[in-house]
Amino acid sequence: MPPFMTIDRRTMLAGMAGALAASIAPGTLRRAVAAEGEFKIGLLIPLSGPAALFGPSNQGCAELAADEANAAGGVLGRKIKLIPTDAGAAPAEVAKSVVRLMLEEKVDLVIGSHDSAVRQAVEATVKGKVPYIYTPVYEGGDCTANLYCLGETPPQQIKPSIEFMMKEKGAKSFYLIGNDYVWARNSNEASKSYIAAGGGTIAGEEYVPLGAPNRFEEIVTRIKGAKPDVVLITVIGADNVNFNRAFASFGLDKDITRLAFLLEENTLQGIGAESSGNLYSCMAYFANVGSEANQKFKAAMKAKFGDKVPQLSTLGADAYAGVHCAKALVDKAGSTEAAAVAAASQGLTFATAGGPATMTGRHVDKDMYLAMCRGTEFEVVKTFEKVASGQSCPV
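Bear in mind that the values here come from a model prediction, so they are computed numbers and not experimental data.

Participant: Help me understand the overall build of the protein chain in this model?
Facilitator: Helix and strand content of the protein chain: twelve helices and 15 strands. Here the C-alpha atoms of the protein chain give a radius of gyration of 20 Å, agreeing with the 21 Å that 2.2 N^0.38 yields for 395 residues. Within the protein chain, the proportion of its 395 residues that are buried is 58%. For the protein chain, the proportion of contacts with a sequence separation of at least 24, taken over those separated by at least 6, is 70%. As displayed, the protein chain offers around 14900 Å² of accessible surface, 52% of which is attributable to carbon and sulfur atoms. In the protein chain, 39 side chains carry a positive charge and 41 a negative one; their mean positions are 2 Å apart.

Given below as structure tokens:
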């Protein structure tokens with residue numbers, strides 16, 4: 001646990017996960033791989049809670065990747081079976097679901113697109129017994145055994161975008177607003193270091209519970225009084241929608257720039273064109289990026305789902321990458337044995353919605369896009385090419 005992290009209910013539940021697993025099934029959380037049959041993947045995605053708006057895209061994109069992987073021979077010749085499981089509940093509840101996946105479903109591997117508090121609970125439950133591929137943007141710094149991280153890290157996402165704001169827009173003062181859990185707090189610690197390095201100042205810093213009835217008027221009033229140049233946003237899902245609507249309702253979007261670190265297409269639709277002025281996002285994927293790989297990915301999603309295709313975004317595209325990473329990783333390793341998988345991860349290349357990605361140190365270097373909101377669309381204003389993850393976990 002980082003020294004700057006507060007002890008809230010979600011963090012406490014995450015810390016209980018290991019004890020929960022032991023009490024349910026002491027000594028039984030062994031890897032159990034069928035010699036034949038399906039290759040089972042526990043797909044942990046938010047189907048409830050404040051991040052539930054990401055769930056349909058997560059599931060749809062993962063299903064497309066499974067179809068593609070199965071058409072290419074599956075994993076070690078075994079057909080992939082996805083087992084979607086709700087990761088939108090409290091960490092301890094998700095940990096119970098993971099125990100079931102391991103003991104009853106005997107999953108070969110876990111893929112997670114969910115918040116970092118849940119990730120910590122899953123790690124405490126899995127204990128490295130099966131490979132765990134964590135796919136979304138995260139705070140970095142996690143080298144848990146048998147964990148493979150695909151998402152954006154602070155050196156990739158936060159550092160270049162803050163530097164852009166300071167150099168290109170002359171920003172000097174920043175106000176930080178986040179949800180009260182590990183990703184937001186750790187990310188903001190990184191933000192403060194980058195701001196200080198550029199000679200900037202912190203005008204304020206606040207955190208709100210995940211999914212609480214956050215109306216944000218009092219916080220927006222304090223931001224108005226502080227008059228920062230930029231507000232850095234690390235609230236997620238419905239909280240992100242509500243904060244940005246409240247911010248614009250006070251008219252602050254006219255004079256204060258907002259930079260969000262988990263703002264994608266689903267959330268922007270919820271915020272609405274009337275509340276998205278002077279709002280930026282920095283991610284490794286936007287649905288309207290014009291690369292050949294992304295056009296192929298979108299066409300494949302359209303062909304599979306037709307008019308019911310879910311809204312594409314980085315949270316969805318990450319699950320697609322996770323399934324392809326799982327196939328490439330286990331095929332290269334020749335098994336799901338931890339040491340073999342770790343060794344196979346170094347230099348591993350696998351498909352993503354944006355094109356091939358390569359893993360080093362159990363993380364992925366990638367291109368990053370800084371986009372400005374134009375109504376309910378993203379317009380990329382700056383591309384940061386081949387940005388290093390800044391992480392190096394042993395293999």
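Participant: Is there a simple way to think about the pairing of strand β8 (residues 230-234) in this case?
Facilitator: Within a regular beta strand, the side chains point alternately toward one face of the sheet and then the other, so they alternate between its two faces. The buried fraction of β8 is high, at five of five residues. Neither face of β8 is exposed, since Val-230, Leu-232 and Thr-234 on one face and Val-231 and Ile-233 on the opposite face are all buried. Note: strand β6 (residues 173-179) against β8, five bridges, orientation parallel. Bridging across to β8, Phe-174 finds its partner in Val-230. Bridge analysis of β8 against strand β9 (residues 257-260) gives four bridges, and the strand direction is parallel. Looking at β9, one finds that Val-231 is bridged to Arg-258. Tracing the backbone out of β8, into helix α8 (residues 237-249) and back to the parallel element β9 gives a crossover that is right-handed.

Participant: It is not clear to me how empty space enclosed by the protein should be interpreted in this structure. Could you clarify?
Facilitator: Where empty space is left can be seen by rolling a probe of water-molecule size over the atoms. Overall, the coordinates contain one cavity of 30 Å³ or more when judged by the stated rule. Estimated volume of the largest cavity: approximately 40 Å³. In terms of lining residues, the largest cavity is bounded by Glu-123, Val-126, Lys-127, Gly-128, Val-130, Tyr-132, Thr-144, Ala-145, Asn-146 and Leu-147. Class assignment of the residues belonging to the lining of the largest cavity gives a composition of five nonpolar, three polar and two charged.

Participant: What's the story with the packing of helix α2 (residues 55-71) against helix α11 (residues 314-333) in this structure? I'm lost.
Facilitator: Angle between the axes and distance between the axes: these two values describe a pair of packed helices. Following both chains from N to C, one finds α2 and α11 inclined at 30°, their axes separated by 7 Å at the closest point. Relative to α11, α2 is oriented roughly parallel. Regarding α2 and α11, the two cross each other, and that crossing is right-handed. Side by side, α2 and α11 meet where Ser-57, Asn-58, Cys-61, Ala-62, Leu-64, Ala-65, Ala-66, Glu-68 and Ala-69 of the first sit next to Leu-315, Gly-316, Ala-317, Asp-318, Ala-319, Tyr-320, Val-323, His-324 and Lys-327 of the second. Looking at the contact of α2 with α11 residue by residue, the classes come out as eleven nonpolar, four polar and three charged.

Participant: Looking at this structure, I do not really get the layout of surface pockets. What am I missing?
Facilitator: The volume enclosed by the largest pocket comes to roughly 590 Å³. Along its surface, the largest pocket is lined by 30 residues, and Ala-284, Thr-352, Gly-354, Gly-355 and Lys-366 are the ones closest to its centre. Elements with a contribution of two residues or more to the lining of the largest pocket: α11, β12 (357-360) and β14 (366-374). Sort the elements by how many residues they give to the lining of the largest pocket and α11 lands first, with five residues. Across the lining of the largest pocket, the residue classes break down as 15 nonpolar, nine polar and six charged.

Participant: Explanation requested: the packing of aromatic side chains in the structure shown.
Facilitator: Centre-to-centre distance and the angle between the planes together describe a pair of aromatic rings. Applying the stated criterion to the full structure yields eight aromatic pairs. Their ring planes at 65° and their centres at 6.4 Å tell us that Tyr-132 and Tyr-134 sit as a pair that is edge-to-face. The same class applies to Tyr-132 and to Tyr-134, which are both buried. Seen from their ring centres, Tyr-181 and Trp-183 are 6.4 Å apart, and the 45° between their planes marks the pair as tilted. As far as burial versus exposure is concerned, Tyr-181 and Trp-183 are alike and both buried.

Participant: How should I be thinking about unusual backbone geometry in this particular structure?
Facilitator: For residues besides glycine, phi is generally negative; the peptide bonds are generally trans as well. Positive phi, normally seen in glycine, also occurs at Asn-146, with a value near 65°. Looking at the element boundaries, Asn-146 is found in the loop between β4 (132-134) and β5 (147-149).

Participant: How do you make sense of the side chain of Asn-58 when you look at a structure like this?
Facilitator: By secondary structure assignment, the location of Asn-58 is in helix α2. Reaching out from Asn-58, the side chain makes a polar contact with the side chain of Asp-318 at a distance of 3.4 Å. If we ignore the near neighbours within four places in the chain, the residues touching Asn-58 are Ile-45, Pro-46, Ser-113, Leu-315, Gly-316, Asp-318 and Ala-319.

Participant: What's the story with the pattern of salt bridges in this structure? I'm lost.
Facilitator: Working definition: two side chains of opposite charge can pair if their charged atoms are close together. Overall, the coordinates contain 17 salt bridges when judged by the stated rule. The closest approach of N and O atoms between Lys-96 and Glu-93, which form a salt bridge, is 3.5 Å. Of this pair, Lys-96 and Glu-93 both sit in helix α3 (residues 91-103), three residues apart, which is roughly one turn of that helix. For the salt bridge of Arg-119 with Glu-139, the shortest nitrogen-to-oxygen distance reads 2.8 Å. With Arg-119 in helix α4 (residues 116-126) and Glu-139 in the loop between β4 and β5, the pair connects residues that are 20 residues apart, well separated along the chain. Comparing Arg-119 with Glu-139, the two get one shared label, buried.

Participant: Would you take a moment to explain the packing of α3 against α4 for this structure?
Facilitator: For the pair α3 and α4, the least separation of the axes is 9 Å and the interaxial angle reads 40°. The angle between α3 and α4 places the two elements in the oblique class. Crossing of α3 over α4 shows right-handed handedness. Along the contact surface, α3 presents Pro-91, Val-94, Ala-95, Val-98, Val-99 and Met-102, while α4 presents Ala-117, Val-118, Ala-121, Val-122, Thr-125 and Val-126. For the contact of α3 with α4, the per-class residue count stands at eleven nonpolar, one polar and no charged.

Parameters and conventions
Residues numbered from 1 in each chain as written. Predicted model: local features only at pLDDT ≥ 70, side-chain atom pairs only at ≥ 80, totals over all residues. Heavy atoms only, no water. Helix = DSSP H or I, 4+ residues; strand = E, 2+ residues; numbered from the N terminus. Rg over C-alpha atoms; globule rule 2.2 N^0.38 Å. Buried < 20%, exposed > 50% of the residue type's maximum accessible area, 1.4 Å probe, protein only. Contact = heavy atoms within 4.5 Å. Areas by Shrake-Rupley, 256 points an atom, 1.4 Å probe, with all protein chains shown as cover. Lys, Arg positive; Asp, Glu negative; His and termini not counted. Charge placed at Lys NZ, Arg CZ, Asp CG, Glu CD. Pairing = 2+ DSSP bridges. Right-handed = clockwise from strand over helix to strand, strands pointing away. 1 Å grid on protein atoms, 1.4 Å probe; cavity = no way out; pocket = protein on both sides within 12 Å on 5 of 7 lines; lining within 4 Å. Points joined across faces, edges and corners; volume = space filled by probe spheres on them. Nonpolar A, V, L, I, M, F, W, Y, C, P; charged D, E, K, R; others polar. Axes fitted to C-alpha atoms, helices over the stretch in contact; angles between N-to-C directions. Parallel < 35°, antiparallel > 145°, perpendicular 65-115°, else oblique. Left-handed = near helix turned anticlockwise from the far one by under 90°. Phe/Tyr/Trp six-rings, centres within 6.5 Å; stacked < 30°, edge-to-face > 60°. Polar contact = N/O pair within 3.5 Å; in protein donor to acceptor, adjacent residues only side chain to side chain. Salt bridge = Lys/Arg side-chain N within 4 Å of Asp/Glu carboxyl O.

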